[in-house]
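Below, each chain spelled out in residue letters.
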Amino acid sequence: MKILVCISHVPDTTSKINFTNDNTAFDTSGVQFVINPNDEFGLTRAMWFKEKQNASVDVINVGGPETESTLRKALAIGADAAFRVNTPATDGYAVAKELSKVAKEGHYDLIIAGRESIDYNGGMVPGMMAAELGASFVNNCISLEIENNTATAVREIDGGKETLTSSLPLVIGGQKGLVEESDLKIPNMRGIMMARKKPLTVLEPSSQQTTSTTLKYEKPAPKGAIKMVEAENIDELIDLLHNEAKVI
Amino acid sequence: MSVLVYIESENGAFKKAALEVASYGRAVANALNTNLNAVVFNTKDCTPLGTFGVDKVLSVNHSEQFNAKIYADILVQAAQKEQANVVVLSSSADSRYLAPMLSVGLDAGYVPNVVEIPKSTQPFVVKRSVFSNKAFCETEITTEVKVIGLSNNAFGLVEQSVSLEVESFSPSITSSEISVENVDKAANKVSIADAETVVSAGRGLKGPENWGMIEELADVLGAATACSKPVSDLGWRPHSEHVGQTGKPVASNLYIAIGISGAIQHLAGINSSKVKVVINTDPEAPFFKAADYGIVGDAFEVVPKLIEKLKTFKAQNS
Ligand SMILES: Cc1cc2nc3c(=O)[nH]c(=O)nc-3n(C[C@H](O)[C@H](O)[C@H](O)COP(=O)(O)OP(=O)(O)OC[C@H]3O[C@@H](n4cnc5c(N)ncnc54)[C@H](O)[C@@H]3O)c2cc1C
Ligand SMILES: Nc1ncnc2c1ncn2[C@@H]1O[C@H](COP(=O)(O)O)[C@@H](O)[C@H]1O
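Residues numbered from 1 in each chain as written. Chains lettered and ligands numbered in written order. Predicted model: local features only at pLDDT ≥ 70, side-chain atom pairs only at ≥ 80, totals over all residues. Heavy atoms only, no water.

1. Digging into the overall build of chain A
When you go through chain A residue by residue, the secondary structure sums to six helices and 15 strands. Its C-alpha atoms give chain A principal-axis dimensions of roughly 65 × 45 × 40 Å. Each of the 248 residues in chain A was classed as buried or not, and the buried ones make up 56%. Of all intrachain contacts in chain A linking residues separated by at least 6 positions in sequence, the fraction that spans at least 24 positions is 69%. Summing over all exposed atoms, chain A offers an accessible surface of approximately 10,800 Å²; the carbon and sulfur share of this is 50%. Distance between charge centres in chain A, computed from 25 positive and 33 negative side chains, equals 7 Å. (Helix = DSSP H or I, 4+ residues; strand = E, 2+ residues; numbered from the N terminus. Buried < 20%, exposed > 50% of the residue type's maximum accessible area, 1.4 Å probe, protein only. Contact = heavy atoms within 4.5 Å. Areas by Shrake-Rupley, 256 points an atom, 1.4 Å probe, with all protein chains shown as cover. Lys, Arg positive; Asp, Glu negative; His and termini not counted. Charge placed at Lys NZ, Arg CZ, Asp CG, Glu CD.)

Okay, structure coming up:
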C-alpha cells in the first residue's frame, strides 16, 4: 500500500496573530511553525500502517522553501520520502490541484490529509483532492482500518458518528481519534539523523490558477469589560442572562 | 443568474442553521437583485422556507443515507439547472463534508467560515474568520460561480416572506464507492454544532464522576455538554466533546465554562460564541479576560445552586 500524507505548515497554536504591510500579510516574525495538528494524527496513523502492514509513506507540502523544516520533521517521525511543490499556498483549490497531480502520478492508494489547517481553517483541500482524483472521501475521520483493499472508516457527525466502508483509492480528512494524543510520534535523535539522508524532492507547480484572493486582515474588536457576580448571588446572574444578555 | 441554498433537515424538520442559510441567501439574492432557490431533501412541508425568503424549492426524494458525494452531485445539477452563481451552505459536519466536492463540480471558488453578507458583489468580496477566530479576512472570490460556507450563528434568522413555489426535482443519481454501515447518534441529545447553549467543563472538575451536575445543568438549559482538551485526553469525556482550536468550534449564543482556565487554544475555539460565562475558583484565570460574566467560586458549590435557581426560573417563565 502506498500512502501519501499531506502536511500543512502552520503557526504553533500559542502564536500571537499579527499582520503587516497595512494588514495585507500575516506577520511571521517570532512565530514558530509546526506540522498542522490534524496532520500529526494522520502521519502517526500512517506510521502504524507502515509498521503493521508494510505500507510506504511519503509526505508532501505545497509551499515555499521555509516549509522544508516541517517536512524534515515528518521524515524524522518516519516517513520515507518528501515532496515540496514550490509555490506559496495561497488558495485551497490551487493547492488541491497541485497535490492531486502528484497523487495521481504516484498511484497512491491512500491519501491522508487533515480535517482542516489551523491557520485558514479551510477544510477544503482533502475534499477537493478527492473530487479531482475521482477517489472516495471521508471527512472528520476518527478511525481508519484497511484490509484487502477495503477501508473501514469512522466519521464524526454532529452529535454522533458514522461507520463507512470504501474501496481504495481513498482520501481522508483526519483528526484526533485516528490515534490517541498519547500515541503521537515525536522525532527521536536517530530519526532526525536518518531524516537528513532521506529524499526531499522539490517539484515545480503545474499551474498558477487561483479562485480567490485575500485582500486584507482584521483583528476582532476588543472585548468589553467582564461583569463579576458574587458566588452567593446566583439570582443576579440569572437576571443578567435573562434581561441583559437575553440568552435564557 | 440566481442564488441557491442547501437546506438541511433532521427528522423532517428544518435545522435552525438551514433557516439561517436561507436568510443569508435571501440577503445575497437581494444584493444581486435575483431569485433564491433552495434544495431540500425528503421534506414534506416546505412552507417555513417561504417565511425566510425562498422563492422556489427544488424538492428531492432520495431515501438513502446521506452520502456527501451523491449530495454534492445533486447540488451541482440543481445549481446548473437554475444557473446559480452563488451557492450557500451551513457549517454543519455534512455541509462541510460536501462543499469542497460541490465546488470542484462547479469549478467554483469556495470560502468557508463566512460571517457577514458580501462586502460587495462586484468584485465579490466576503468576510470570513481565520486563525481559529483570532482574526478575520476579506477574500475576493474570482470565479464565476461562488460557494459560501456560512458560519453558524453569524447572520441569524431574518424573516422575509415571499410566495413559495415547490417543484419536485429528480436529478440523476451517481454511484458512490462509499457505503454507510452504521450511524450511531444519541437521540434527544443536543449536539455542540446545533446548540444554542453549551455547558463546558474542564480539569477543575477533578474527575469524570463529577459530571453529573454538568449534565444536569445542560439538561435544565437544553444545552449541549462540552469539555476542554485535557478532559477528553484523560478519557473523562468523549473526544467529540473536546472544543477549542484543535477540537470543535463553538458558536452558540451562550457558553458556560466551568473549571476551565481559558488557555489560548481553548478560547480560539469558543471566541465566536456570543455570551460567555465563567465559573472558576481562581480570580486570575485567563478566561475572566475573555468572558462577559464571571463568578469566582467553587464549581461544586456554585453549579448545584445555579441548577436549583434555573429550575425555579424556568418554572416561572414557561
Ligand atoms: C497543540 C495544542 C493544542 C491544544 N488545543 C486545545 C484545544 O483545542 N482545546 C483546549 O481546551 N485545550 C487545548 N490545548 C490545551 C490548553 O493549552 C490547556 O492545557 C487546556 O485548555 C487546559 O484545560 P483546563 O482549563 O480544563 O485545565 P487547567 O488548565 O488545569 O485548568 C483548570 C481550571 O479549573 C479551575 N478550578 C480548579 N478547581 C476548581 C473548582 N473546584 N471550581 C471551579 N474551578 C476550579 C482552576 O482554577 C483552573 O483555572 C492545546 C494545547 C496544545 C499544546
Ligand atoms: N499547502 C499544503 N500542503 C500540503 N497539504 C496541505 C496544504 N494545505 C492543506 N493541506 C492538507 O489539507 C488539510 C486541510 O487543509 P485546509 O483545507 O487548508 O484546511 C491539511 O490538514 C493538510 O493535510
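2. Structural notes on the confidence of the model for chain B
Summary statistics for chain B give a mean pLDDT of 96 and a share of 100% for residues scoring 70 or more. Confidence metrics for the complex model read pTM 0.96 and ipTM 0.96. (pLDDT = per-residue confidence, 0-100.)

3. Focus on the interface of chain B and chain A
Each partner contributes residues to the interface: chain B has 81 residues there, and chain A has 73 residues. Both sides of the chain B and chain A interface together cover about 6,900 Å² of buried area, and 58% of this is carbon and sulfur. The largest per-residue losses of area from chain B upon contact with chain A belong to Tyr97(B), Phe131(B) and Tyr293(B), which jointly make up 12% of the total buried on that side. In this assembly, chain B and chain A are joined by 40 residue pairs in polar contact (both at pLDDT 80 or more). Ranked by the residues each element gives to the side of chain B that touches chain A, the list is headed by helix α4 (residues 93–105) of chain B, at eight residues. Considering only residue class, the side of chain B that touches chain A consists of 36 nonpolar, 24 polar and 21 charged. Note that strand β15 (residues 227–228) of chain A and strand β18 (residues 293–296) of chain B share two bridges and pair parallel. (Buried area = accessible area lost by both parts, 1.4 Å probe. Polar contact = N/O pair within 3.5 Å; in protein donor to acceptor, adjacent residues only side chain to side chain. Nonpolar A, V, L, I, M, F, W, Y, C, P; charged D, E, K, R; others polar. Pairing = 2+ DSSP bridges.)

4. Side note on the sheet that holds strand β14 (residues 197–201) of chain B
Spatial ordering of the open sheet is given by β15(A)-β18(B)-β17(B)-β16(B)-β14(B)-β15(B), a layout of six strands whose pairing is parallel. Of all the strands in the sheet, the pair left with one neighbour each is β15 of chain A together with β15 (224–227) of chain B. Pairing analysis gives four bridges linking strand β17 (residues 275–280) of chain B to β18(B), with the strands arranged parallel. For Asn280(B), the partnering residue across the bridge sits in β18(B) and is Val296(B). Most of the contacts of helix α6 (residues 234–244) of chain A go to β18(B), to which it runs at about 170 degrees, and overall it touches β15 of chain A together with β16 (254–258), β17 and β18 of chain B. This element, helix α5 (residues 212–221) of chain B, spans β14, β15 and β16 of chain B of the sheet and lies at about 170 degrees to β14(B). (Axes fitted to C-alpha atoms, helices over the stretch in contact; angles between N-to-C directions.)

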